[in-house]
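# Residue-level structure breakdown
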Amino acid sequence: MTTNLLVTFYSTYGHIHRMARAVVEGAESVSDTTVRLRRIPELEAARKALSAQDAYARAQQAQAETLEVTHDDLRWADGIAWGTPTRYGNMSAQMKQFIDTTGSLWLKGELEDKAAGIFTSTASIHGGQETTILTALVPLIHLGMVFVGTPYGQNPQLLVTDGIGGSP
Ligand SMILES: Cc1cc2nc3c(=O)[nH]c(=O)nc-3n(C[C@H](O)[C@H](O)[C@H](O)COP(=O)(O)O)c2cc1C
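Residues numbered from 1 in each chain as written. Predicted model: local features only at pLDDT ≥ 70, side-chain atom pairs only at ≥ 80, totals over all residues. Heavy atoms only, no water.

Counting across every chain of the model gives 7 salt bridges. The partner of Asp 73 in a salt bridge is Arg 38, and the shortest N-O contact between them spans 3.4 Å. Taken together, the residues Asp 73 in helix 4 (residues 71-76) and Arg 38 in strand 2 (residues 33-39) connect sequence positions 35 residues apart. Take Asp 73: its relative accessible area is 5%, and that puts it in the buried class. Judged by relative accessible area, which is 14%, Arg 38 ranks as buried. Arg 39 serves as the salt-bridge partner of Glu 68, at 3.6 Å between the closest nitrogen and oxygen. Highlighted residues: Glu 68 in the loop between helix 3 (54-62) and helix 4 and Arg 39 in strand 2, separated in sequence by 29 residues. Arg 39 sits in the buried class, given a relative accessible area of 17%. What you see here is one network of salt bridges that share partners, running through Arg 36, Arg 38 and Asp 73. (Salt bridge = Lys/Arg side-chain N within 4 Å of Asp/Glu carboxyl O. Helix = DSSP H or I, 4+ residues; strand = E, 2+ residues; numbered from the N terminus. Buried < 20%, exposed > 50% of the residue type's maximum accessible area, 1.4 Å probe, protein only.)

Printed below as a string of structure tokens:
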């Protein structure tokens, strides 16, 4: 049986986009897995505020051809890997805004029992990776998703993070 994995991300400057592509690469190495990469739409206020920055423009250009995530992508998936940069220790407003469009799916229980993973990055070492993941988990639990972390047993490199981050 094939497992459908949706990797969906928001990325302002490209770090999470790069991580999302790494998640796709890893998932595609697992047999009988079909993977979709989808981007979470930008917010107009952010586009206005940031579009004069070269780094922003370059990062947005690099992901322009990635399709925007839809509710049908969420329905299709058996598991969803969510990627968001840390924003003051929380998920990005873009990801929250997208999650806040899922009321109709929540009402019908359409995301219940699907697996959920979350990946993030921060600018500083203790910049809130774990708080971002734990707080992003709250709406996903409301939707009935089942959180899947990265256990030490399967990822022994977590034991030697050496200041580069990483958390189960
Ligand atoms: C508004 C804003 C808030 C941020 N808050 C944090 C933070 O709380 N801690 C931190 O270490 N980095 C913070 N950062 C940095 C980003 O989370 C970090 O650089 C991330 O890797 C960027 O991912 P991206 O390139 O995919 O957008 C913040 C950046 C912005 C623009």
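One finds Leu 74, Trp 82, Leu 140 and Met 145 to be the most contacted residues of the largest nonpolar core, which totals 22 residues. Listed by contribution, the elements that provide at least two residues to this core are strand 3 (79-85), helix 5 (93-99), strand 4 (115-121) and helix 7 (129-142). The dominant element in this core, judged by the number of residues it contributes, is helix 7, at 4 residues. When residues no more than four places from it in sequence are discounted, the contact partners of Trp 82 are Thr 8, Ile 40, Leu 74, Met 95, Phe 98, Ile 99, Ala 116, Gly 117, Ile 118, Phe 119, Leu 140 and Met 145. If you look at the next biggest cluster of nonpolar residues, it comprises 10 residues, including Ile 16, Ala 20, Ala 81 and Phe 119. (Core = buried A, V, L, I, M, F, W, Y, C linked by side-chain atoms within 4.5 Å. Contact = heavy atoms within 4.5 Å.)

Turning to helix 3, its buried residues number three or more, namely Tyr 56, Ala 59 and Gln 60. Along the axis of helix 3, the buried positions cluster into a sector of 100 degrees, meaning they face one direction only. Summarising the geometry of helix 3, the exposed residues directed more than 90 degrees from the buried face are Asp 54, Arg 58, Gln 61 and Ala 62. (Arc of directions from axis to C-beta.)

This paragraph deals with the site of the ligand. Close to the ligand lie 16 residues, the nearest being Ser 11, His 15, Thr 86, Ser 121 and Gly 127. With respect to the ligand, the backbone of Gly 89 contributes an N or O atom lying 3.2 Å from an oxygen atom. Ser 124 places a side-chain nitrogen or oxygen 3.0 Å from an oxygen atom of the ligand. The fraction of the free accessible surface of the ligand (650 Å²) that becomes covered by protein chains is 79%. When its residues are assigned to classes, the shell around the ligand shows 5 nonpolar, 10 polar and 1 charged. (Near = heavy atom within 4 Å. Polar contact = N/O pair within 3.5 Å; in protein donor to acceptor, adjacent residues only side chain to side chain. Areas by Shrake-Rupley, 256 points an atom, 1.4 Å probe, with all protein chains shown as cover. Nonpolar A, V, L, I, M, F, W, Y, C, P; charged D, E, K, R; others polar.)

Okay, unusual backbone geometry next. In this model, Tyr 88 sits at a positive phi of 50 degrees, which is unusual for a non-glycine residue. The residue Tyr 88 is located in the loop between strand 3 and helix 5 in this model. Given a relative accessible area of 84%, Tyr 88 falls into the exposed group. Of note, Asp 113 is a non-glycine position whose phi angle comes to about 70 degrees, a positive value. Within the secondary structure layout, Asp 113 lies in the loop between helix 6 (103-108) and strand 4. Exposure remark for Asp 113: the relative accessible area of 66% places this residue in the exposed category.

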